[in-house]
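Here is what each chain is made of, one letter per residue.
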Amino acid sequence: MTSILSGDYVRYEVSLDLPAMRKFARPWHLAFATIYCSRAFTISTKKTKSFPRKSPSYTSISIHDPAQSPGSDHPSSFNIDQSQLTQLVKDKDLGHLQEFGGVEKVASTLETDVSAGINGDPDDVSRRKNAFGSNTYKKPPTKGFFHFVVEAFKDLTIMILLVCAGLSLGFGIKENGAKEGWYDGGSIFVAVFLVIAVSAGSNYRQNRQFEKLSQVSGNILIDVIRKGRRQQVSIFEIVVGDIVCLKIGDQVPADGLFLDGHSLQVDESSMTGESDHVEVNRKENPFLFSGTKVADGYANMLVTSVGMNTIWGEMMSSISRDNSEQTPLQARLNKLTSSIGKVGLGVAFLVLVVLLIRYFTGNTQDENGNREFIAGQTTGNDIMNSVVSIIAAAVTIVVVAIPEGLPLAVTLTLAYSMKRMMADQAMVRKLSACETMGSATTICTDKTGTLTMNQMKVTKFWVGQEPVAENTYSSVSKFVLDLIQDGVALNTTASVYRSSLGSEYEFSGSPTEKAILSWAVLQLRMDMEGTKKSCEVIQVEAFNSQKKRSGVLIGKSFDNTFHVHWKGAAEMVLAKCSSFYDKSGRVKDLDEDDRMRFEQIIQGMAASSLRCIAFAHKQVSEEAIEEREDGKKIQEDGLTFLGLVGIKDPCRPGVKSAVQACQDAGVNIKMITGDNIFTAKAIAAECGILRPGDDAFSGAIVEGAKFRSYTPEERLRRVEEIRVMARSSPFDKLLMVECLKQKGHVVAVTGDGTNDAPALKEADIGLSMGIQGTEVAKESSDIVILDDNFASVVTVLRWGRCVYNNIQKFIQFQLTVNVAALVINFVAAVSSGDVPLTAVQLLWVNLIMDTLGALALATERPTRELMEKPPVGRTEPLITNIMWRNIVAQATYQMAVLLTLQFKGESIFGVDEAVKRTLIFNAFVLCQIFNEFNARKLEKRNVFEGIHKNKLFLGIIFVTVVLQVVMVEFLKRFADTERLSWGQWGACIGIAAMSWPIGWVVKCIPVPDIPIFSYLGLKSKKLARKILH
């Protein structure tokens, strides 16, 4: 760099021989370059390193302007711009990268230390965001409130009502003038708009809530190195220049270049559609792309592009996430709504025909008692006005008959439960999982981190066949301890950080790796950095759940020797050993007696709930590390056993009671773990999964290999007996899920690893772990357990049952209103030619039922008794015999009372026609309000239990009552009502209150368990299936 101007002037710098000429933002930059070009060559005494293009035929000069705005396309603070970085990775052109100077040159240009990362302070991060953008994507605009208003207007019945309201308004004004004639049509308009506003507002609110949840689910924590320290940051905070640590199961968070690592295999199917894994390494393919998944190995990556500058960002910005996922329960309810709607449509059509016939035959009278239609005398306007009123009444019956509140109730209860579950450490990714979880009959759970606390600590250490106490490590040969330290320091994906000499160590990585690393550093006094500097890692075989061990091939620089180190499940490593070191450092042959002794030691540690990890070593010749036929360099036979550690992972507090709660609810718990059979048995007994007497002989405990070896018929026969599966692979877990589903179980599965993805997808409900779970596992799951705690799984089960129960409550409430309203209007229309409830009144009832009713009943919280019932089966009907009993009783009572009022109300109360109609309307609405209390409990007689906890329910009841008083007492012209006396109000309340004792008595009547439709013959069975499923 050469300074051309200084002093009081703006300082400009010229870079010589850079790859490409910058595109100048302003014409005077070109003039400036021309004037000072030759001067720059004469002043320059030291050339900067050259990075020529493929055909360099010129010297390019890049002029940097420090005064440029932070958001400029060509920031001055870095000697490379975003377009060059994007092109570097996007083209996957290795030659271009090498000409540029390689990955190290890109890192230095981005002011990144390849071992310590970026500075990472707020100013540095802000500067990088301004220069290269943030790791966020442009999203399509969210649906606004107006969108949902338009959607509500598209409803056919609403459109017909609006046409009727328009015609009624027009004829009313023409006949009675603008001052008096607008009431009928105008009131229908207002009522319709009120229904639309409430419906649109509710849908808009739920949509916003789902979008917030999707943002939370996208906020992944990424491991990065900043200031030499490994730390976790949000994926949205990743910046260009960051060094990202990748491991199996991670999602690549940005475009970048491979810095260092081993055996990295990447799944690029999300980008290319190709299922084959791509190997990424330093020499042949160092290019990594955002949105791809790490299938194997580990690596550090230099970030070169983020957000919209990545290929994934361009793709994601054009994709709109559809929040209108329809759950199975919603699909069933839509069928139910359609069936009920058809019945309502038939009734409305009959009412329309009857009313038109009565009108045109002169059997209807106006308010003054005169015939409404006289052939040859009644004007066309009057006829049209009357016909419009009849059509409006018939259409309104359809509005009331179609329970469009059912899908709304599902949406409300799912949204409410999702919000509450989030607070209870469970994030729902797929709506259908909420309701399906309520039907779960079996939960297959992991052990580590789910049943246990995942706070691991080394508590036992054996060298040879002797235990080594904590403060007696000096009794062990230094040679053996050095080998163990080499195996720990170099065969790990964890890291250690210490900011200063006297400060605490910070360990990062998986819990098992952290436990071993902290033990080696704090107890064995291992110098990890020194060990790494003295050795070169030649090849790594990363840990996987099939082999349950990891290996490393290293070369020691001070003596030019080559060594293999293996670490993993004790019995797996022991099986590969042919000798062992004793405490004094002597090598002994591993005969059958010694092998049996080691196995007893491992079993003894496992029976104490310890996870056993063994270390093994082998020195190899330089010739032996040459490529073998299978392409692997790491030898895994003829190893020497170094030692054994036991890691304690205590059970979570409260896990035993959570398991017991599931078992009381009729849900089987099966523990599937990679640990050995003795550790698994000890933990399962401690958690209450195994009962006294359960063992391998009873079929309750099995190893994965044995389960795999069963015939398909034997597996199906034994699968329900199994409570614990030890030493299992992800394939065993998938096999168990498939068998359980074949037996008719609704299966929930927990998983955290990449290889768990098939089982998570196959299960009815996939539950991934939020802390230890890989991104692949999370994407395959339906619900993410944020705290990795089994108690949260039980919470999800409780909420799943609550969702189903709340929907059933609302169905019972809604069908009672539907049946009563339809029958009352139909009987009154056929017998007297008059519909007792007007269009506006029926729309008000519709609003109470659909929106306010759904809101009140769909937000009930889970109760204790929900976990005392067996699971709901896949094929059980939505409307149970208990619900039919309650519906028939309440609807019959309402019909009897209201029809009595219709035909005898005037004589009973001594009132005129207008007051009688108001009494019917008022009594009908109050009946629904009182029946809403009955709907809170489908079976229990005490409907007030826990009501003080549901403030929303009480608030909605209060608002409904207040609005009903306003409708009756103050909106005479709008609602077509008359003011009622205190006595008449008391009579209406008394009629409505009778639904409570009736509900109490009815719940004493026993009902059969077999669905009622199954008694009515084959045809009725088909009808029942059509209506209920």
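Residues numbered from 1 in each chain as written. Predicted model: local features only at pLDDT ≥ 70, side-chain atom pairs only at ≥ 80, totals over all residues. Heavy atoms only, no water.

Visitor: How would you summarise the packing of helix α30 (residues 913-935) against helix α33 (residues 982-993) if you had to cite specific residues and measurements?
Guide: Packing of α30 against α33 brings their axes to within 8 Å, and their N-to-C directions diverge by 40°. Looking at the two axes, α30 sits oblique to α33. The two elements α30 and α33 cross, and the hand of that crossing is right-handed. Residue-level contacts link V915, L919, N922, A923, L926, C927 and F930 of α30 to Q984, W985, C988, I989, I991, A992 and A993 of α33. Residue composition of the contact of α30 with α33, by class: 12 nonpolar, 2 polar and no charged. (Axes fitted to C-alpha atoms, helices over the stretch in contact; angles between N-to-C directions. Helix = DSSP H or I, 4+ residues; strand = E, 2+ residues; numbered from the N terminus. Parallel < 35°, antiparallel > 145°, perpendicular 65-115°, else oblique. Left-handed = near helix turned anticlockwise from the far one by under 90°. Contact = heavy atoms within 4.5 Å. Nonpolar A, V, L, I, M, F, W, Y, C, P; charged D, E, K, R; others polar.)

Visitor: Which residues make up the state of the cysteines, and what values go with them?
Guide: Considering all chains together, one arrives at 0 disulfides under this definition. Note on C988: no disulfide assigned, nearest cysteine sulfur contributed by C927 at a separation of 8.9 Å. (Disulfide = S-S within 2.5 Å.)

Visitor: Give me the sheet that holds strand β26 (residues 724-726): which residues, what numbers.
Guide: Taking strand neighbours across the sheet as the criterion, the 8 strands line up as β11-β29-β28-β27-β12-β24-β26-β25 in an open arrangement whose pairing is mixed. Of all the strands in the sheet, the pair left with one neighbour each is β11 (426-428) and β25 (701-703). In this sheet, adjacent strand axes meet at a mean angle of 20° when their direction is disregarded. The sheet contact formed by β25 and β26 spans 3 bridges and is parallel. When the sheet's bridge partners are listed, I701 is paired in β26 with V724. Across the sheet, helix α21 (residues 677-687) touches β24 (668-672), β25 and β26, and the angle it forms with β26 is around 150°. Sitting on the sheet, helix α27 (residues 790-832) is in contact with β11, β12 (442-445), β24, β27 (747-751), β28 (765-769) and β29 (783-785), with an inclination near 145° to β29. (Pairing = 2+ DSSP bridges.)

Visitor: Report on helix α2 (residues 82-90), specifying residues and quantitative values.
Guide: Each α-helix turn comprises 3.6 residues. Residues three or four places apart therefore point the same way. When we look at burial in α2, the residues that qualify are Q82, Q84, L85, T86, L88 and V89. Packing partners of the buried residues in α2 comprise α3 (94-100), α4 (102-109), α5 (122-132), β7 (255-267), β9 (287-288) and β10 (293-305). Backbone geometry just downstream of α2 places K92 in the positive-phi region, at approximately 55°. (Buried < 20%, exposed > 50% of the residue type's maximum accessible area, 1.4 Å probe, protein only.)

Visitor: So what's going on with a positive patch on the surface? Residues and values would help.
Guide: A cluster of basic residues, R205, R208, K212 and K419, forms a positive patch on the protein surface. Among the elements that take part in the positive patch, helix α8 (residues 183-218) stands out by supplying 3 residues, more than any other. By the element assignment, K419 lies in helix α13 (residues 405-423). K419 sits in the exposed class, given a relative accessible area of 51%. (Patch = residues over 30% accessible without salt bridge, like charges linked within 9 Å, V, L, I, M, F, W, Y side chains within 5 Å. Areas by Shrake-Rupley, 256 points an atom, 1.4 Å probe, with all protein chains shown as cover. Salt bridge = Lys/Arg side-chain N within 4 Å of Asp/Glu carboxyl O. Lys, Arg positive; Asp, Glu negative; His and termini not counted. Charge placed at Lys NZ, Arg CZ, Asp CG, Glu CD.)

Visitor: A description of the pairing of β7 should follow, citing residues and the corresponding values.
Guide: Across 10 bridges, β7 lies against β10 in antiparallel orientation. Its bridge partner being in β10, Q265 is matched across the sheet by D296. Sheet topology places β7 next to strand β8 (residues 278-279); 2 bridges connect them, and they run antiparallel. Bridge pairing links V266 to V278 in β8.

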